[in-house]
Amino acid sequence: MERIKTKKDILEILCCPTCKSDLEIEIKKEEKDEIITGILICKKCKNNYKIEYGIPNLLPKKEKNDFNQ
Amino acid sequence: MIMEEKNIKKIVKESYSEIARKKGCCCCGNFDEEEIAKSIGYSKEEINIASEANLGLGCGNPVALANLKKGAIVLDLGSGAGFDSFIAAKKVGDTGKIIGVDMTEDMINKAKELANKYGYKNVEFRLGDIENLPVESESIDIVISNCVINLAPDKLKVFKEAYRVLKPDGKMYVSDIVLLEELTQEQRKNDELIAGCVGGALLKEEYLKIIQNAGFSYNILYEDKEISKRRQYQGFNLESLKVELYK
C-alpha cells in the first residue's frame, strides 16, 4: 500500500521555473513534515527561490523582477 | 516578456489581489458565490467542503469532469483561494496530492491559510506562473484549470507547460471562457474586460487550435452558453468550454 504523502514529499515534484532543472532544498525551519522556511536552489541557473510561511515563491526570476522593480 | 504581456499580468494580478483581500467576486452582480457555483455544476456537498475558498470565479467544475481516483497527483492551474484544490483533495485522499499554482500572492496566502485552518495535509500551494510551471516534467496525473487560461497572455505556453508536466497517460480538464464572436480592439484593451475573463479570451476555434499546437488531442465535453447571461458576460457572444485534453 502506498504510504501517506507528507508536504515534504509534495515539494519533490518541482523544478526550477526559470530553467526547468532540479532544485535543491535548504531547510531552515520545519514543522510536522512541512517546510516553513527555506530556500530552493537551482544549481544550473543559480537562481534561488524562498520558502516563507510554508509557501514557496516559484515565480520565474525574470518575471519576478519585472513585477517588483 | 513584451510590454503588453507584462501589463496584462499586472492588471490580472491587481484585480485578483483585490478580490482575494475582500473575499468575494468583483463582477457577479446579483448572484452570490454559492449561486454561481451551483449554476456552473458544483453540488451542495462540494460547495460545503470549501465554501470560504469559493470566490465565485469559476466557469465550470473541472474536478467533477476529471473523475479523480484515490492517490492521483493533481495540478490546479490558477488555483486562486483553493476552492477546486480542496474539493480535489477530498477525492484523491491521503495517498494523493494536489499542487495549486497561482501568480497572485494574496490568493496563495488565502489558500494556504484555509489549508492550515482545515488541516489539509495533501495540498500544497506554490506562488508561480502557469506559463513557466515550477513542476517537474511527466510528474502529474491530472491537470485542472478553471476560468484562468483566458487571463494568460501566452496561452500556447500554458498548454505546452501543462503538456510537459503531465505523465504520458495524464489528462487535463479545462473549463474556460471562449468567444463565439471577435471583440473590438478597444474591448481587447479594456482592463476590466481582461480581468473579467472576456478581454483575453480567444475565439473557440483559435483556442482549440492552440491546444492542438501544444501537442494535445481533445474531446469537447460540454459547452455552456447560458453563462453569457451572467452580468459580467452580458452583451458578449461567448461560452464556457469544458474540454478534456490528452497526450
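Calculation rules
- Residues numbered from 1 in each chain as written.
- Chains lettered and ligands numbered in written order.
- Predicted model: local features only at pLDDT ≥ 70, side-chain atom pairs only at ≥ 80, totals over all residues.
- Heavy atoms only, no water.
- pLDDT = per-residue confidence, 0-100.
- Helix = DSSP H or I, 4+ residues; strand = E, 2+ residues; numbered from the N terminus.
- Contact = heavy atoms within 4.5 Å.
- Salt bridge = Lys/Arg side-chain N within 4 Å of Asp/Glu carboxyl O.
- Buried < 20%, exposed > 50% of the residue type's maximum accessible area, 1.4 Å probe, protein only.
- Lys, Arg positive; Asp, Glu negative; His and termini not counted.
- Polar contact = N/O pair within 3.5 Å; in protein donor to acceptor, adjacent residues only side chain to side chain.
- Phe/Tyr/Trp six-rings, centres within 6.5 Å; stacked < 30°, edge-to-face > 60°.
- Lys NZ or Arg CZ within 6 Å of the ring centre and 35° of its normal.
- Pairing = 2+ DSSP bridges.
- Axes fitted to C-alpha atoms, helices over the stretch in contact; angles between N-to-C directions.

**Digging into the confidence of the model for chain A**
Residue and element names in this part refer to chain A.
At step 1: With 72% of its residues at a pLDDT of 70 or more, chain A shows a mean pLDDT of 81.
At step 2: Strand β4 (residues 55–56) holds the highest mean pLDDT among the elements of chain A, 96, whereas helix α2 (residues 61–68) holds the lowest, 52.
At step 3: Overall, residues 63–69 carries pLDDT values under 50, and its contacts beyond four positions in sequence, including any with other chains, amount to 12 contacts.

**Focus on the pattern of salt bridges**
All names here are of chain B.
At step 1: Under the defined criterion, the tally for this structure stands at 22 salt bridges over all chains.
At step 2: When the shortest N-O distance is used, the salt bridge between Lys167 and Asp141 registers 2.9 Å. Of this pair, Lys167 sits in strand β5 (residues 166–179) while Asp141 sits in strand β4 (residues 140–146), placing them 26 residues apart in sequence.
At step 3: The closest approach of N and O atoms between Arg164 and Glu161, which form a salt bridge, is 2.7 Å. Residue Arg164 and its partner Glu161 are located together in helix α7 (residues 155–165), separated by 3 residues, close to a single helical turn. As far as the burial class goes, Arg164 and Glu161 line up, both buried.
At step 4: Each of the salt bridges in this network shares a partner with another, and the network as a whole consists of Glu34, Glu35, Lys38 and Lys44.

**A few points about the side chain of Asp102 of chain B**
Residues and elements named next belong to chain B.
At step 1: If you trace the backbone, Asp102 turns up in strand β2 (residues 97–102).
At step 2: For the buried Asp102, no salt bridge exists, and the shortest N-O distance to an oppositely charged side chain is 8.5 Å, to Lys13.
At step 3: Here the side chain of Asp102 touches Ser79 through a polar contact of 3.3 Å, landing on its backbone nitrogen.
At step 4: A polar contact of 2.7 Å, which involves the side chain of Asp102, links it to the backbone nitrogen of Gly80.

**Topic: unusual backbone geometry**
Residues and elements named next belong to chain B.
At step 1: One non-glycine residue with positive phi stands out, namely Asn67, at about 50°.
At step 2: You can see Asn67 is positioned in the loop between α4 (62–66) and β1 (73–77).
At step 3: Residue class for Asn67 comes out exposed when judged on its relative accessible area of 52%.
At step 4: Phi at Glu138 is positive, roughly 50°, even though this residue is not glycine.
At step 5: Counting through the fold element by element, Glu138 comes out in the loop between β3 (123–127) and β4.
At step 6: By relative accessible area, which is 47% here, Glu138 ends up partly exposed.

**Details of the packing of aromatic side chains**
All names here are of chain B.
At step 1: For the coordinates displayed, the defined rule picks out 5 aromatic pairs over all chains.
At step 2: Aromatic side chains Phe86 and Phe125 sit 5.7 Å apart centroid to centroid with 80° between the ring planes, which places their arrangement in the edge-to-face category. Placement of Phe86 in helix α5 (residues 83–92) and of Phe125 in strand β3 is noted, with a sequence separation of 39 residues between them.
At step 3: Judged by relative accessible area, Phe125 falls into the buried class, the value being 2%.
At step 4: Relative to Tyr207, the ring of Phe159 has its centre 5.5 Å away and its plane inclined at 90°; by these criteria the two rings are edge-to-face. Linking Phe159 in helix α7 with Tyr207 in helix α10 (residues 204–213), this pair joins segments that are 48 residues apart in sequence.
At step 5: Accessibility expressed as a relative area gives 0% for Phe159, which makes it buried.
At step 6: The exposure class assigned to Tyr207 is buried, which follows from its relative accessible area of 1%.
At step 7: The ring of Tyr163 carries the charged tip of Lys247 above its face, separated from the ring centre by 4.7 Å.

**Observations regarding the sheet that holds β1 of chain B**
All names here are of chain B.
At step 1: Read across the open sheet, the 7 strands follow the order β3-β2-β1-β4-β5-β7-β6; overall the sheet is mixed. Looking at strand neighbours, the two that pair on one side only are β3 and β6 (217–224), the edges of this open sheet. Sheet twist, expressed as the average angle between the axes of neighbouring strands with direction ignored, equals 15°.
At step 2: Relative to strand β7 (residues 238–246), β6 runs antiparallel, the two sharing 7 bridges. Directly across from Asp224, in β7, lies its bridge partner Ser240.
At step 3: α5 contacts β1, β2, β3 and β4 of the sheet and is inclined by roughly 170° relative to β2.
At step 4: Along the sheet, α10 makes contact with β5, β6 and β7, crossing β7 at roughly 15°.

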